[in-house]
There are 2 protein chains.
Amino acid sequence: MNGTWVPRLVQVRTQILKENDRVARALRARFAQAGVTVVSLVSSPGAGKTTLLARTLAALQPQGRVAALVGDLATDYDAQRLAATGAAVRQITTGTLCHLEATMVASALEGWDLSQLDWLMLENVGNLVCPATFDLGETLRVVLLSVTEGEDKPRKYPPIFHTADAVLVTKIDLAEVVGFDRALFRQHLEAVRPQMPVLELSARTGQGLDQWLAWLGSLRGWPRPAAAQCLSQTPLDAE
Amino acid sequence: MNGTWVPRLVQVRTQILKENDRVARALRARFAQAGVTVVSLVSSPGAGKTTLLARTLAALQPQGRVAALVGDLATDYDAQRLAATGAAVRQITTGTLCHLEATMVASALEGWDLSQLDWLMLENVGNLVCPATFDLGETLRVVLLSVTEGEDKPRKYPPIFHTADAVLVTKIDLAEVVGFDRALFRQHLEAVRPQMPVLELSARTGQGLDQWLAWLGSLRGWPRPAAAQCLSQTPLDAE
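We now turn to the structure provided with this report.

Cut-offs and rules
Residues numbered from 1 in each chain as written. Chains lettered and ligands numbered in written order. Predicted model: local features only at pLDDT ≥ 70, side-chain atom pairs only at ≥ 80, totals over all residues. Heavy atoms only, no water. Buried < 20%, exposed > 50% of the residue type's maximum accessible area, 1.4 Å probe, protein only. Helix = DSSP H or I, 4+ residues; strand = E, 2+ residues; numbered from the N terminus. Arc of directions from axis to C-beta. Contact = heavy atoms within 4.5 Å. Polar contact = N/O pair within 3.5 Å; in protein donor to acceptor, adjacent residues only side chain to side chain. Core = buried A, V, L, I, M, F, W, Y, C linked by side-chain atoms within 4.5 Å. Pairing = 2+ DSSP bridges. Axes fitted to C-alpha atoms, helices over the stretch in contact; angles between N-to-C directions.

On to helix α8 (residues 182-192) of chain B. The set of residues buried in α8(B) consists of Phe185(B), His188(B), Leu189(B) and Val192(B). End-on view of α8(B): buried residues confined to an arc of 95°, all on one side of the axis. The inward-facing, buried residues of α8(B) contact α3 (77-83) of chain A together with β5 (140-146), α5 (153-156), α6 (158-163), β6 (166-170) and β7 (198-200) of chain B. For α8(B), the side-chain oxygen to backbone nitrogen distance between the N-cap and Ala183(B) is 3.2 Å, and the N-cap itself is Asp181(B).

Glancing now at the nonpolar core. Grouped together as the largest cluster of nonpolar side chains are 52 residues, with contacts concentrated most on Val143(A), Val167(A), Val143(B) and Val167(B). Of all the elements in the fold, those that place two or more residues in this core are β5 (140-146), α6 (158-163), β6 (166-170) and α8 (182-192) of chain A together with β5, α6, β6 and α8 of chain B. Apart from the residues within four sequence positions on either side, Val143(B) is in contact with Val42(B), Leu128(B), Ile160(B), Phe161(B), Ala164(B), Ala166(B), Val167(B), Leu168(B) and Met196(B).

Residue and element names in this part refer to chain A. Within the open sheet, the seven strands sit side by side as β3-β2-β4-β1-β5-β6-β7. Their pairing is parallel. Looking at strand neighbours, the two that pair on one side only are β3 (88-93) and β7 (198-200), the edges of this open sheet. Each strand axis lies, on average, 20° off the axis of its neighbour in the sheet, ignoring direction. Sheet topology places strand β2 (residues 66-72) next to strand β4 (residues 119-123); five bridges connect them, and they run parallel. For Ala67, the partnering residue across the bridge sits in β4 and is Leu120. Strands β1 (37-42), β2, β3, β4, β5 and β6 of the sheet are contacted by helix α2 (residues 49-60), whose axis makes an angle of about 170° with β4.

Written as structure tokens, this is what we have:
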């Protein structure tokens, strides 16, 4: 890349981020006014965002009103899977874009009355890099890391861990078979984000789901079972 | 994103890609002249690129001269791991950039006499989206997909499958425990890239490694064991 391109690219990227931040701020204000708690999920492809979301939407609905927006380059497979839970779900397809942007979220919400919702879940494109720098106006961002991906990912992909509020270690039922080293993972995470809240779970076996759901409940001030406290090494209050 | 930004972004992106393509073309000519076969690996984070590469470098060295460049946002962990094989290895750290670019490869090669190499392996940043559009001048590009990521990834991330020459289905030793459905995966892949060559392997157990190594050998015109033919549904000749 020669000297001609770099300054212009940086300039344009900065402008896009500024524009994204402006839209994200407006979204955040709108979410707060409507009283909806917005939780976004980011991870590598195949870490289990959609499976977790399916179980989450199904579990939350008896308690509250929940909807979801799901991002992918192509297909509406995830929206179809999630709609089966009975929740309101919309797919955002990004084409070749590696992340969701605030304007996409704003467009996808058109026609929805946010004041009728307790939770809005956002599933980003599977990518451990690009979504880091794009604020979507979410209340909290959660990064999923499956045990099959290896313990060193926080150190190799620091920006996404810097911009998330909590880590879900997914597919924990496979920890033994893949030789996942918890202590080593905690050491890598601690080096990047000291005291970051961590919850281990398996959407397949259900391990850890109660704590996850209790934590989501606690974001809306619902009674918090003692079991859920393992997630909170540090306060996780919404902005 | 309003109308002001989009046209400028597209213009700048096009220029960057053009510049990348120009550098990649020069690299490809240089590789051909030096007689080095360049194979790049792309995948999600944690699909097993580095583990496969470690076994590959170790196995190829008695037969030929091999070097590697490895990309990550941060750390030189991968270069350290791979250097233990005795091969020449250099780390490229990309900061927040989600892919390698041709100029990074060119810079990382400085001081190396390519005519002294048979193979040069390139490991891209763990990302199933961004690396798709950046030609690195490689002879062949191989996309790794681990069985833990799910069967539908070719349909959800089509560009990376469109720009790769073969698929390695990794962690095949976990296929049963995660319930990986081969037929369903083939169906999704066939819809995106009909007749794309596929090899199943496990860098941990060694399953499929002989075929992989035989295939790499065949790229340099070495005798090709019959077992390796399972990778080649279609010709895999270098450009």
